[in-house]
Amino acid sequence: MKNIRNFCIIAHIDHGKSTLADRLLEVTQTISGRDMQAQVLDDMELEKERGITIKSHAIQMDHIQDGIKYRLNLIDTPGHVDFSYEVSRSIAACEGALLIIDATQGIQAQTISNLYLAIEHDLEIIPILNKMDLPNANPELVEDQIIELIGCKRDTIIRASGKTGEGIDEIISRIISDVPSPAGDPEAPLQGLIFDSVYNQFRGVIAYVKIVNGTVRKGDVVKFVATEKQYNVDEVGVLKMGLDSRESLSAGDVGYIISNIKTAREIRVGDTVTNVKQPCSNVISGFEEVKPMVFAGVYPIDSDDYEDLRAAMEKLQLNDASLTYTLESSAALGFGFRCGFLGLLHMEIIQERLDREFDMNVITTVPNVSYLIHTRAGETVEVYNPAGMPDGSMIDLIEEPYIRAQIITRSEYIGAIMTLCLDKRGMLTKQDYLTAERAELTFDLPLGEIVFDFYDKLKSISKGYASFDYHITGYRPAKLAKLDILLNSEPVDALSTLIHADNAYNFGRRMCEKLKELIPRQQYDVAIQAAIGAKIIARETIKAVRKDVTAKCRKLLDKQKKGKKKMKQIGNVEVPQKAFLAVLKLD
Amino acid sequence: MSGIYFHIPYCRTKCHYCDFYASNNIKTINQLVNAEIEELYLRRSYLEDEEVQTIYFGGGTPSVLSISHINDLLSTVRKNFNVSVDCEISLEANPEDLTELYLKQLYEVGINRLSIGIQSFDEDILVYLGRRHGTEMLSNMIETAQNIGFKNISLDLIYGIPGLTLERYTESIKAVLKLGVQHISAYALTIEKKTYFYKLLITNRLKEVADEEVLDHFNATIDLLALNGFSHYEVSSFSKPGFQSRHNSSYWQGKNYLGVGPAAHSFNGKSRQWNISSTKNYILNIANGSSYFEVEILNEIDKYNEYVLLGLRTANGISKNFIVDSFDKKIVAYFSKEISKLDKDEFILQDGDQICLSRKGILMSDFIIRKLFYVP
Ligand SMILES: Nc1nc2c(ncn2[C@@H]2O[C@H](COP(=O)(O)OP(=O)(O)OP(=O)(O)O)[C@@H](O)[C@H]2O)c(=O)[nH]1
Ligand code: SF4
Ligand SMILES: [Mg+2]
């Protein structure tokens, strides 16, 4: 056990975690040159396409140093804010963390927030300056920032490059010398932390586990503490490029357990696994419940697929513990789920994963945050969707969630960022200059204003030189209106939004304009109206089509082969899937 | 009876409105013809010795074929299939390819129907469409063809073109009628993605013609042609009595046909077969004996959908009794429900057992077909 090192790689998005992991895998010969490709741990199709890590990924490496064989368990984590829950779970399985900082970018918002997560769990931090190969790397300056942030000595910061391989050997020696080997007693009763899981079509649930105490063997009968269910262990093993089975896993090991768990509902990430014959006396403190930031309805395109969607959500939740959902129904869309997401990227990724991994084509409705409604009767209810809003006459006060946002940027962009935040009803609470050119701005902002396009706007006005992190601070009174959209006088519940009253007019007008663009012309005129209560505040008309014909029969057969367009029929209006997200596309 | 279709995916240049354009290098044409000959041979049993009553060369631009190409293809057909003596053999042609010599040779190898893509008979419009022929050349060429002996000539016309007024359009139809042809195909211009017109449209250099104006052109076409003895027997086809395109009619009558060449489809009553659309891969796969098509076995729903799609485009329309007798209750119920809605909107006409498109419905035929499509 003294030769095991468990560590994760944490950083701000794009600072090069996955690329550095590639080099570590190469040097330790965990992966052969033939199988090597860039960001090899990003094995989801979506991760590859977008060049972004979505899931944490654990892998074991063997390494011999000074004649001693070490087992190094690496966990690569995502950098995007929406996936910080992945980071926090990975940290719980480790004793050390490589904190990567891009030498051209310096400390960024998630560098700080992820560092704090690691420090909270007493992880040994190894600071690494990455991308040293780039001509605009600025190591001295960034080292100053790091020293200031974590109070380390300058000579403990490793200069490295995931591209050229510079510094990789030093990183490995430092992991071995600095990261403590896991504590724990292999002879004690079994106590293992389930830090992740995945559903496999053939093998059922595969639970990823960090053994804190004791040993688990093939054939043992184990119990999951929270669910109180017992299982026979079919297989245990370690995580290499694939699953690599072993006879047992002991204290300090990171690996997997397969125990014939068939449904996603039977297991919970954060739970403790123990032995039935000799149970442990206390559970490992699991993970904090995640608090979703954004809510949206997710509906099957074909209402008959509701049960399939439910099964898909269950399986997906197993692999993404930050996804929450409850049953919801809509007049326009039938049965579906109100889902909670950690952010818009998270929402988009879930929609994509449903499509790719479960072949579930879904409609996602306009996202919103949750509100606290205080009624005249003295009750307080939390509302997650526009339909759940009580009648105006019953409402005493509405409160909306606020966040504290930290934005780190170059001084030349401060003006533009201030304008953007004030426009979003933000209030500047602090402004610190980190260096002469870099400032940290702190704003209090309504969460509802940043869930849509704030991040994109921030990126574009700062030309990418602004990083952003936030956390919920509480609720504050809000002036809120429910904006309904009517198609040919029929309200479409899935298009309703809750919005700050001052913005409602402008927003309603733009919604109508956008929908006019997105809904194809039909054989009737289609009236699009925006309304608050009974009052129509905007209107557009889509003129009827009078010509819809393919010249040649031969061409029509070709078209037909390509398949009918996926459209959801609402009343007599054909509404394409993308129209439901019109609100996100308003500029 | 059955038909054979050859797909010839080459064009000399790309017309501004066309999304059917085949960007293949014409240098590969010998290889393609050889591959098609090979396919004919491979599939010589596909039509089960049924009599072949129509042969059709479509494209792209089949008139890029040399006479010996056409001859080779036709003689392979004659050797391996049961070709009827009065077989209709059509070739789609671009006017500029139809020189006197080429016309003579076509006639000699057995082509007896020409479908000529003139598109318009208005000088300015021809330039606008990116065509490379003028109207005088057109009249001379058609006269030559008739003198050589072609008794079945079809011309393609496009209406609803930006800048083409109703007046000038009717003028051009009248001029076309003087040419004495037997068949006319008239299409409304649709601006499709991946065309030059589409690019003009999205960069605001072209304004789409309003639907109402297109409707005027369409009505004028029907009326003028009817006045001159043409019957409107399919969405975009008009013919003198006895000159309906037999080949196209066999599609919508659900007859068997064998489609040869890239992207061609075939039908034998039970399944539809689609050749791969890439010309390069088609040639390659035929050469090395690997698969070059996919087969779609038609289930009951597919058969219903195809019956509606193919039948509704014709003047004969579809038969209610046939649908009730041939298909599942669920499909029939769906059909009846949609038909009554379409009837209310005056998109269709019902006459006893027969249902066909109304005038207003013809220009909305894709929409109507989509509505009637049964998707479980
Ligand atoms: N020049 C140079 N580029 C690098 C280096 N490391 C990473 N990159 C590039 O930086 C980009 C991001 O690299 P990733 O390894 O995907 O970054 P990441 O931190 O894993 O990103 P997330 O997981 O999405 O947070 C890629 O385009 C890499 O090729 C380096 O050392 N030098
Ligand atoms: S209209 Fe005919 S000739 Fe012109 S590009 Fe299209 S297929 Fe080719
Ligand atoms: Mg990554």
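Computed from a predicted structure; not experimentally measured.

Draft legend 1. Summary view of the interface of chain A and chain B. Contacts between chain A and chain B engage 25 residues on the former and 45 residues on the latter. Carbon and sulfur atoms make up 55% of the surface buried where chain A meets chain B, a total of about 3,200 Å² over both sides. Where chain A meets chain B, there are three salt bridges. Where chain A packs against chain B, one counts ten residue pairs in polar contact (both at pLDDT 80 or more). The element contributing the most residues to the side of chain A that touches chain B is helix H13 (residues 553–561) of chain A, with nine residues. Each residue belonging to the side of chain A that touches chain B can be placed in one class, and the counts come to eight nonpolar, four polar and 13 charged.

Draft legend 2. Up close: the coordination of the magnesium ion (ligand 3). Residues and elements named next belong to chain A. Distances from the magnesium ion (ligand 3) to its protein donors, namely Ser18 (OG) and Thr53 (OG1), fall within the range 1.9 to 2.0 Å. Taken together, the positions of Ser18 in helix H1 (residues 17–27) and Thr53 in the loop between helix H2 (45–50) and strand E2 (57–65) put the pair 35 residues apart, joining distant regions of the chain. A single burial state applies to Ser18 and to Thr53, both of which are buried.

Draft legend 3. Structural context of the state of the cysteines. All names here are of chain A. Across all of its chains, the model carries zero disulfides over all chains by this definition. Left without a disulfide partner, Cys8 is nearest to the cysteine sulfur of Cys94, which lies 4.2 Å away. Judged by its relative accessible area of 0%, Cys8 is buried.

Draft legend 4. Here's a closer look at the site of ligand 1. Residues and elements named next belong to chain A. Close contacts around ligand 1 come from 18 residues, with Lys17, Thr19, Thr53, Asp133 and Gly162 the closest. Here Gly162 contributes a backbone N or O atom positioned 2.8 Å from an oxygen atom of ligand 1. In the environment of ligand 1, an oxygen atom lies 3.2 Å from a nitrogen or oxygen atom belonging to the backbone of Lys163. In isolation ligand 1 exposes 650 Å². Once the protein is present, 83% of that is buried. Of the residues forming the shell around ligand 1, the biggest block, three residues, is contributed by H1. Split into classes, the residues belonging to the shell around ligand 1 amount to three nonpolar, ten polar and five charged.

Draft legend 5. Inspection of a nonpolar patch on the surface at higher detail. All names here are of chain B. On the surface, Phe293, Val295 and Ile297 cluster together into a nonpolar patch covering about 270 Å² of accessible area. By the element assignment, Ile297 lies in strand E12 (residues 293–297). For Ile297, a relative accessible area of 63% puts it in the exposed group.

Draft legend 6. Summary view of the pattern of salt bridges. Residues and elements named next belong to chain A. Evaluation of the coordinates by the stated rule reveals 45 salt bridges over all chains. The partner of Arg89 in a salt bridge is Asp196, with the nearest N and O atoms 3.6 Å apart. Note that Arg89 is positioned in helix H3 (residues 84–91) and Asp196 in strand E7 (residues 191–200), a separation of 107 residues in sequence. Residue class for Asp196 comes out buried when judged on its relative accessible area of 5%. Here Lys210 and Glu95 are joined by a salt bridge, their closest N and O atoms 2.7 Å apart. Of the two residues, Lys210 is situated in strand E8 (residues 204–213) and Glu95 in the loop between H3 and strand E4 (96–102); the sequence distance between them amounts to 115 residues. Each of Glu140, Glu143, Asp144, Arg154 and Arg159 takes part in salt bridges that share partners, so that together they form one network.

Draft legend 7. Broad picture of the pairing of E8(A). Residue and element names in this part refer to chain A. Across the ten residues that make up E8, a large majority, nine, are buried. Looking at chain direction, E8 and strand E15 (residues 254–258) are connected through five bridges and run antiparallel. Looking across to E15, one finds that Lys210 is bridged to Val254.

Draft legend 8. Focus on empty space enclosed by the protein. Tallying each qualifying case throughout the model produces six cavities of 30 Å³ or more. Approximately 230 Å³ is the volume found for the largest cavity. As for the largest cavity, its lining consists of 20 residues, of which A:Lys552, B:Tyr56, B:Ser185, B:Tyr187 and B:Asn248 are closest to the centre. Listed by contribution, the elements that provide at least two residues to the lining of the largest cavity are H13 of chain A together with strand E4 (113–119), strand E5 (153–159), strand E6 (183–188) and helix H9 (246–252) of chain B. Its residues assigned to classes, the lining of the largest cavity comprises six nonpolar, eight polar and six charged. Of the volumes computed, that of the second largest cavity is approximately 130 Å³. Those elements that provide at least two residues to the lining of the second largest cavity are strand E17 (294–300) and strand E18 (324–330) of chain A. In terms of residue count, E18(A) provides more of the lining of the second largest cavity than any other element does, three residues in total. Grouping the amino acids of the lining of the second largest cavity by side-chain chemistry returns five nonpolar, seven polar and three charged.

Draft legend 9. Representation of the sheet that holds E17(A) within the structure. All names here are of chain A. Spatially, four strands are ordered E18-E19-E17-E20 in an open sheet, and the strand pairing comes out antiparallel. Bordering the open sheet on either side are E18 and strand E20 (362–364), each of which pairs with just one other strand. Averaged over all pairs of adjacent strands, the angle between their axes in this sheet comes to 30 degrees, without regard to strand direction.

Draft legend 10. Structural detail: the side chain of A:Asn130. Residue and element names in this part refer to chain A. Tracing the backbone shows Asn130 in strand E5 (residues 124–130). From its side chain, Asn130 meets the backbone oxygen of His15 in a polar contact 2.9 Å long. Those residues in contact with Asn130, other than ones at most four positions away along the chain, are His15, Gly16, Leu20, Ile100, Ile101, Asp102, Ala103, Ala160, Ser161 and Gly162.

Draft legend 11. Just the pairing of E5(B), in detail. Residue and element names in this part refer to chain B. Most of E5 is tucked away, with seven of its seven residues classed as buried. With burial as the criterion, each face of E5 is covered, one bearing Ile153, Leu155, Leu157 and Tyr159 and the other bearing Ser154, Asp156 and Ile158. Strand direction decides the pairing type here: E4 and E5, joined by four bridges, are parallel. Directly across from Ile116, in E5, lies its bridge partner Leu155. The handedness of the E5 to E6 crossover, carried by helix H6 (residues 166–177), is right-handed.

Draft legend 12. How the structure looks around the sheet that holds strand E14 (residues 348–351) of chain B. Residue and element names in this part refer to chain B. The three strands are arranged E13-E15-E14 in an open sheet whose pairing can be described as antiparallel. What marks the edges here is a single partner per strand, and that holds for strand E13 (318–319) and E14. Here E13 runs beside strand E15 (residues 354–357); their pairing, made up of two bridges, is antiparallel. Counted as the bridge partner of Ile318 is Ile355 from E15.

Draft legend 13. Here's a closer look at the packing of aromatic side chains. Residue and element names in this part refer to chain A. Within this structure, the stated rule accounts for 23 aromatic pairs over all chains. Seen in terms of ring centroids, Tyr325 and Phe337 are 5.3 Å apart; in terms of plane orientation they differ by 80 degrees. Their pairing is edge-to-face. Taken together, the residues span a long stretch of sequence, with Tyr325 in strand E18 and Phe337 in strand E19 (residues 334–341) at a distance of twelve residues. When its relative accessible area of 2% is taken as the criterion, Phe337 is described as buried.

Draft legend 14. Representation of unusual backbone geometry within the structure. B:Gly59 connects to B:Gly60 through a cis peptide bond whose omega is 20 degrees. Within the secondary structure, B:Gly60 sits in the loop between strand E2 (51–59) and helix H2 (67–80). Phi is positive for A:Asp66, close to 50 degrees, though the residue is something other than glycine. Relative to the elements of secondary structure, A:Asp66 occurs in the loop between E2 and strand E3 (68–76). In this structure, B:Glu48 is a non-glycine residue whose phi angle is positive, near 50 degrees. The topology assignment puts B:Glu48 in the loop between helix H1 (29–42) and E2. A relative accessible area of 65% places B:Glu48 in the exposed class.

Draft legend 15. Representation of the packing of helix H9 (residues 414–423) of chain A against helix H11 (residues 454–461) of chain A within the structure. All names here are of chain A. One can describe the packing of H9 onto H11 by two numbers: an axis separation of 10 Å at closest approach and a directional angle of 160 degrees. Here H9 lies roughly antiparallel to H11, going by the angle between them. Where H9 crosses over H11, the two elements pack in a sense that is right-handed. Across the interface between the two elements, Ala416, Ile417, Leu420 and Cys421 from H9 touch Phe454, Lys457, Leu458 and Ile461 from H11.

Conventions used here
- Residues numbered from 1 in each chain as written.
- Chains lettered and ligands numbered in written order.
- Predicted model: local features only at pLDDT ≥ 70, side-chain atom pairs only at ≥ 80, totals over all residues.
- Heavy atoms only, no water.
- Contact = heavy atoms within 4.5 Å.
- Buried area = accessible area lost by both parts, 1.4 Å probe.
- Salt bridge = Lys/Arg side-chain N within 4 Å of Asp/Glu carboxyl O.
- Polar contact = N/O pair within 3.5 Å; in protein donor to acceptor, adjacent residues only side chain to side chain.
- Helix = DSSP H or I, 4+ residues; strand = E, 2+ residues; numbered from the N terminus.
- Nonpolar A, V, L, I, M, F, W, Y, C, P; charged D, E, K, R; others polar.
- Donors = N, O, S within 2.8 Å, 3.2 Å for Na, K, Ca; no water.
- Buried < 20%, exposed > 50% of the residue type's maximum accessible area, 1.4 Å probe, protein only.
- Disulfide = S-S within 2.5 Å.
- Near = heavy atom within 4 Å.
- Areas by Shrake-Rupley, 256 points an atom, 1.4 Å probe, with all protein chains shown as cover.
- Patch = residues over 30% accessible without salt bridge, like charges linked within 9 Å, V, L, I, M, F, W, Y side chains within 5 Å.
- Pairing = 2+ DSSP bridges.
- 1 Å grid on protein atoms, 1.4 Å probe; cavity = no way out; pocket = protein on both sides within 12 Å on 5 of 7 lines; lining within 4 Å.
- Points joined across faces, edges and corners; volume = space filled by probe spheres on them.
- Axes fitted to C-alpha atoms, helices over the stretch in contact; angles between N-to-C directions.
- Right-handed = clockwise from strand over helix to strand, strands pointing away.
- Phe/Tyr/Trp six-rings, centres within 6.5 Å; stacked < 30°, edge-to-face > 60°.
- Parallel < 35°, antiparallel > 145°, perpendicular 65-115°, else oblique.
- Left-handed = near helix turned anticlockwise from the far one by under 90°.

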